[in-house]
Amino acid sequence: MSSSADRLQTLKKQLTGVAAHATASHNKSDEDVVIVSARRTAICKARRGAFKDTLPDEMLAPVLAQVVEDAGIDKSQVNDICVGNVSMPSCGGMRNRMAQFFAGFPETTCLSSVNRQCSSGLQAVMNIAAAIKMGSCDIGIGAGVESMTKYQNQEFENGDINPLMSECQLAMDCTVPMGITSENVAERYGVSREAQDRLAYESHTKAAAAAKAGRFSNEIVPVSTRFTDKEGNTQTVTVTADDGIRPTTTIEGLAKLRPAFQEGGSTTAGNSSQVSDGAAAVLLMRRSVAKRLGVPVLGVIRGFKVVGVPPDVMGIGPAVAIPAALSHAGIKLEDVDIFEINEAFASQASYCVSKLGIPMSKVNPNGGAIALGHPLGCTGARQVATLLHELKRRGRRAYGIVSMCIGSGMGAAAVLEFEE
């Protein structure tokens, strides 16, 4: 077994980056795994937002149905669905299958659920991509859903940790609260409070501008649901807009907020991701199938990697995963137009951007999780939708990256290409 020193040395090598290599020229192949539609619900504040009275399956069903409608195919042509979820029992396997039927898919379309913490939605997409690549599936949907209102991620709520785990520091580090891992990153890697508040301010500013310009309209699926107000009145509403964006956010206002997790710390409610509800879905095919069906391609999957990092600083995951995914895809960091990096906390997002030397102009151009929210199992699939619609809006061949840190000490990153 490797010593702690060996593990740290390996991590330092990973953080240094990968060896320089020539940028690959990705030619179109009939075997490519392509994305033909990617949609999401609005992302709403947990416990007080527009989806507070909405069950997960009620959010999931509309996006599952919409991506198939976008492609103009029959639901019976979808071979498999994989749904990412973090907090529901068994990742919501039974509830997700019920949502599939409610959305009009037949029993011949199969479904599974997956939990890789904050990357669950992206992992679901990649599970379907892998099935297509190996030939066991021609058409599938990778999706994600989370109601942080209805379900809380309380894996150790009863204190039922195996006493033997205390003999393994890495195992015990998996129980470090996420807010404290943010403080660890800020302290260990020198991320200032000012830098964190600046990133949070920019997240809200960019998201507000995107919403005002209607840039989310092509990715958001309207959802009709019920909502009970403070007076107990219930009405039917149609949810079409993210409700966590704060256009009036200022640096001065953020600076006044008190630390949320540790006395004297720098992580606050204002520079952390919002607790949220939402769902997203991504429809994938083999390129040859898309050609045969006459379905336009929105994006192509070019690379994907998951890496492991120390659990107590899990937020550094993207700084390791992004170089690994770029190497897998055969492209250089400077060839990427957009980096959708999940803002679990401003501390870790700031560190990763700085470590990799990514220009902030390329990071979350329409805002990130601090402004939009972070419904755990949904986020990865939501990022795919946001990325591809933004690349399409720009209207030229380009690469984008979706990446996030993962609780218990991992990072994930996927490289996507928009074809002109």
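Definitions and cut-offs
- Residues numbered from 1 in each chain as written.
- Predicted model: local features only at pLDDT ≥ 70, side-chain atom pairs only at ≥ 80, totals over all residues.
- Heavy atoms only, no water.
- Phe/Tyr/Trp six-rings, centres within 6.5 Å; stacked < 30°, edge-to-face > 60°.
- Helix = DSSP H or I, 4+ residues; strand = E, 2+ residues; numbered from the N terminus.
- Buried < 20%, exposed > 50% of the residue type's maximum accessible area, 1.4 Å probe, protein only.
- Salt bridge = Lys/Arg side-chain N within 4 Å of Asp/Glu carboxyl O.
- Polar contact = N/O pair within 3.5 Å; in protein donor to acceptor, adjacent residues only side chain to side chain.
- Contact = heavy atoms within 4.5 Å.
- Pairing = 2+ DSSP bridges.

**So, the packing of aromatic side chains**
Evaluation of the coordinates by the stated rule reveals two aromatic pairs. An angle of 35 degrees between the planes, with centres 4.5 Å apart, marks the rings of Y189 and Y351 as tilted. With a gap of 162 residues between them, Y189 in helix 6 (residues 178-189) and Y351 in helix 11 (residues 346-356) connect regions that are remote in the sequence. Note on Y351: relative accessible area 9%, which makes it buried. Here F261 and F345 contribute two aromatic rings whose centre-to-centre distance is 6.1 Å and whose plane-to-plane angle is 85 degrees, an arrangement assigned as edge-to-face.

**Some remarks on the pattern of salt bridges**
In total, this model carries 20 salt bridges according to the counting rule given. One salt bridge connects D312 with R188, and the closest N-O pair in it is separated by 3.0 Å. Of this pair, D312 sits in the loop between strand 9 (299-308) and helix 10 (317-329) while R188 sits in helix 6, and the two are 124 residues apart along the sequence. Note on R188: relative accessible area 46%, which makes it partly exposed. The shortest N-O distance in the salt bridge between D337 and R396 comes to 2.4 Å. Residue D337 is found in strand 10 (residues 336-341), and its partner R396 is found in the loop between helix 13 (379-394) and strand 11 (398-406); the two are separated by 59 residues along the sequence.

**Overview of the side chain of R40**
Turning to its location among the elements, R40 is positioned in strand 1 (residues 33-40). Here R40 falls in the buried class, since its relative accessible area comes to 0%. Among the polar contacts listed, one links the side chain of R40 to the side chain of E219, at a separation of 2.6 Å. Among the polar contacts made by the side chain of R40, one reaches the side chain of D242 at a distance of 2.8 Å. Discounting chain neighbours no more than four positions away, the residues touching R40 are V63, F216, E219, I220, V221, D242, A279, A280, R382 and T386.

**Notes on the pairing of strand 11**
The buried fraction of strand 11 is high, at nine of nine residues. Neither face of strand 11 is open: one carries A398, G400, V402, M404 and I406, the other Y399, I401, S403 and C405, and all of them are buried. Pairing analysis gives nine bridges linking strand 11 to strand 12 (residues 410-418), with the strands arranged antiparallel. When the bridges of strand 12 are listed, I401 appears paired with V415. Where strand 11 folds back on strand 12, the antiparallel hairpin that results is connected by three residues, among which S408 adopts a positive phi of roughly 85 degrees.

Functional significance is not addressed by these values, which are geometric in nature.
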